[in-house]
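Working through the structure, step by step
Each chain is listed here by its residues.
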Amino acid sequence: VHAQVPAVDILVNNAGVGLTGSIETTSLDDWNWVLSINLWGVIHGCHFFVPKMIEQARAQGRGGHVVNVSSAFGYYGGARTIGYCTSKFAVFGLSESLRNELEPHGIGVSVICPGVIDTDIISTTRIAAENGRDPEKIRARVQKLYKKRNFPPEHVAESIVSAVRCRRSIVPVTTEAWLLWLTSRVSSKLSHRIGNLVNRRVEH
């Protein structure tokens, strides 16, 4: 890329896989897998592209924008999603720190927190089921919920474009993502109650 242009103007880091399981059922291999993609994918993108964006901003007075895709689980710690939540909380924190670092250079940073989006992520999610439960039955139930929710990825793309244009920092997308974000600002107990209701719906 840098052989063609001095720097990118807009960087979107959208690496993501799913992992469910408790601290008891999540293996070290699971931890390495989810963090290597969800967190290190974002780290690699920032490492290789952001320094050149800073150079361009210094040379031309022309800032850019970084977009990191986290999750509603980037600010709400759901039960039995410990590995996934850890990776997405880390992306959220990385984005907050990066925003403060890049602001003097005129480079914006947005962290996108989509919510339940009808993509193929569940088909590749690792499911570390407990108590002898069938992972494929759990997968089928969650996929059915995602299809019923019927919130297409195009809406997330629109939110990303809007975030770049308006230089928005934290961007929940779906209704449930907004609800968890707002309640987490007001009452962590309330946000956990809402999250537990969602978990029960998924698991049963």
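Right above here is the structure, for reference.
Basis of the calculations
- Residues numbered from 1 in each chain as written.
- Predicted model: local features only at pLDDT ≥ 70, side-chain atom pairs only at ≥ 80, totals over all residues.
- Heavy atoms only, no water.
- Helix = DSSP H or I, 4+ residues; strand = E, 2+ residues; numbered from the N terminus.
- Expected span 1.5 Å × (residues − 1).
- Buried < 20%, exposed > 50% of the residue type's maximum accessible area, 1.4 Å probe, protein only.
- Arc of directions from axis to C-beta.
- Pairing = 2+ DSSP bridges.
- Axes fitted to C-alpha atoms, helices over the stretch in contact; angles between N-to-C directions.
- Contact = heavy atoms within 4.5 Å.
- Core = buried A, V, L, I, M, F, W, Y, C linked by side-chain atoms within 4.5 Å.
- Salt bridge = Lys/Arg side-chain N within 4 Å of Asp/Glu carboxyl O.

Structural notes on helix H5 (residues 153–166)
Between its first and last C-alpha, H5 extends 20 Å over 14 residues, near the 20 Å set by a 1.5 Å rise per residue. Considered for burial, the residues of H5 that qualify are Val156, Ser159, Ile160, Ala163 and Val164. Down the axis of H5, the buried set is contained in an arc of 135 degrees. They therefore lie on one face. Across H5 from its buried face, at more than 90 degrees, point the exposed residues Glu158, Arg165 and Cys166. At the exit of H5 stands Arg167, carrying a positive phi of roughly 55 degrees.

Points about the sheet that holds strand E3 (residues 65–69)
The 4 strands are arranged E1-E3-E4-E6 in an open sheet whose pairing can be described as parallel. With partners counted over all chains shown, the strands left at the sheet margins are strand E1 (10–13) and strand E6 (170–172), one partner each. When the angles between neighbouring strand axes are averaged without regard to direction, this sheet yields 15 degrees. Its contacts with the sheet put H5 on E1, E3, strand E4 (108–113) and E6, and the angle it makes with E3 is roughly 150 degrees.

Topic: the nonpolar core
Ranked by internal contacts, the top residues of the largest apolar core, which has 16 residues, are Val50, Met53, Val66, Leu102 and Ile107. Mapped by element, the contributors of at least two residues to this core are helix H1 (28–60) and helix H2 (82–102). No other element matches the 7 residues that H1 contributes to this core.

Points about the pattern of salt bridges
Counted by the stated rule, this structure contains 5 salt bridges. In this structure, the salt-bridge partner of Arg99 is Glu96, at a minimum N-O distance of 2.2 Å. Of this pair, Arg99 and Glu96 both sit in helix H2, 3 residues apart, roughly one helical turn. Judged by relative accessible area, Glu96 falls into the partly exposed class, the value being 28%. Between Arg139 and Glu136 there is a salt bridge whose closest N-O contact spans 3.0 Å. Of the two residues, Arg139 and Glu136 are both situated in helix H4 (residues 135–149); the distance of 3 residues between them amounts to about one turn of the helix. For Glu136, a relative accessible area of 46% gives the class partly exposed.

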